[in-house]
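# Structural features, examined
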Amino acid sequence: MAHRHYHEELKGRMLFSFALNIVITLAEVIGGILSGSLALLSDSLHNFSDSMSILASYLAIKIGEREKNEKYTFGYKRAEILVAFVNSAVLVGVALFLLVEAYRRFKNPEPIDGPLMLGVALIGLLANLVSVLLLHEHAHESMNVRSAYLHLLSDTLSSVAVVVGGVAIIWWSILWIDPLITVLISLYIFKEGYAILKESIEVLMEAAPDLDLEEIKREIESIPGIRNAHHFHVWRIGEKEIHFECHVEVDDMPISEAQKFIDEIEEKLKRFGITHVTVQLEAGRCEDKNTICGEKSD
């Protein structure tokens, strides 16, 4: 019940953050157009992607709560990974678009209404801080929530940069600081977005998580009675659900005796964070004894 309450609290906070970011987006679009600030418009675009990110993350959590069935025997947890992939891809795309726009503005500077830019940026900064604080304690729960949180955190930092730019324009009339801030924001967005994009692709492509397979092989083969462990497959269903399967060679014996090997392997693999183990026991069946099936021997 406590976990369910915690989950409901997260979803409530996400909906509130979504509504708040939609309001910020509208304010910054209007403020950016009226003031002529590209940095403010870039921040509004980033804020809009924040809103869509939070909404998508919320929907992914709702979908992920569905029970497993005959069609989706692993459940719907990977919906959150799909959303993390889309969110991060959007972040990377937004960053590249803003870099192009900043280059154009460097070549053709335009007059900027500093006070209006500063006022709207301060409102955006305050609202972003509220959203970041709402999701901070949940940021490490999943890749999905983390991607939404990083959207908000990066936008908070970009709002700080826009505020600094507004002050510089008012006091010293430095117009080139507007596209410069846009470049800095874009590079940060690209860096954070790429990291999540890379990880989400690895999960969707069923890449093995960061595990030492040779160490796992040694652990399994250290069990008395096991001759060889080979043909490993490791993948993630969701961010924290790691599945492992392998072939294990033993002497010919009754199933009742062989079960102890499976139990001991499962126990040993817990320390690697593996949550689901499938072991195929065999007696002299495979000629290929490599850790990865088809891998070239040294």
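Residues numbered from 1 in each chain as written. Predicted model: local features only at pLDDT ≥ 70, side-chain atom pairs only at ≥ 80, totals over all residues. Heavy atoms only, no water.

### Points about the overall build of the protein
Secondary structure summary: the protein contains 8 helices and 3 strands in total. Element order for the protein, N to C, with α for helix and β for strand: α-α-α-α-α-α-α-β-β-α-β. A compact globule built from 298 residues would reach a C-alpha radius of gyration of about 19 Å, whereas the protein, at 26 Å, exceeds it by more than 25%. Taken along its principal axes, the extent of the C-alpha atoms in the protein is 85 × 50 × 30 Å. In the protein, which comprises 298 residues, the proportion classed as buried is 46%. Taking contacts inside the protein between residues at least 6 apart in sequence as the whole, the part at least 24 apart equals 76%. Each charge class in the protein can be summarised by its mean position, and for the 27 positive and 42 negative side chains these summaries are 2 Å apart. (Helix = DSSP H or I, 4+ residues; strand = E, 2+ residues; numbered from the N terminus. Rg over C-alpha atoms; globule rule 2.2 N^0.38 Å. Buried < 20%, exposed > 50% of the residue type's maximum accessible area, 1.4 Å probe, protein only. Contact = heavy atoms within 4.5 Å. Lys, Arg positive; Asp, Glu negative; His and termini not counted. Charge placed at Lys NZ, Arg CZ, Asp CG, Glu CD.)

### As for the pairing of strand S3 (residues 276-282)
Note that strand S2 (residues 242-250) and S3 share 7 bridges and pair parallel. Counted as the bridge partner of phenylalanine 244 is valine 277 from S3. Between the parallel pair S2 and S3, the chain is carried across by helix H8 (residues 255-269), and the sense of this crossover is right-handed. (Pairing = 2+ DSSP bridges. Right-handed = clockwise from strand over helix to strand, strands pointing away.)

### Side note on helix H6 (residues 177-204)
Look at H6: 40 Å from first C-alpha to last across 28 residues, which is about the 40 Å you get at 1.5 Å a residue. In the segment just after H6, glutamate 206 is the residue with positive phi, at about 60°. (Expected span 1.5 Å × (residues − 1).)

### Considering the UniProt feature "transmembrane region" (unreviewed entry) in the protein
Under the local residue numbering, the UniProt record ascribes the feature "transmembrane region" (unreviewed entry) to residues 12-38, 81-103 and 115-136. Each end of residues 81-103 is marked by a C-alpha atom, and these two atoms are 33 Å apart; helix forms 100% of the span and strand 0%. Across residues 115-136, helical content stands at 95% and strand content at 0%; the span's end C-alpha atoms are separated by 31 Å. (UniProt positions renumbered as here; feature names shortened; annotations may be inferred.)

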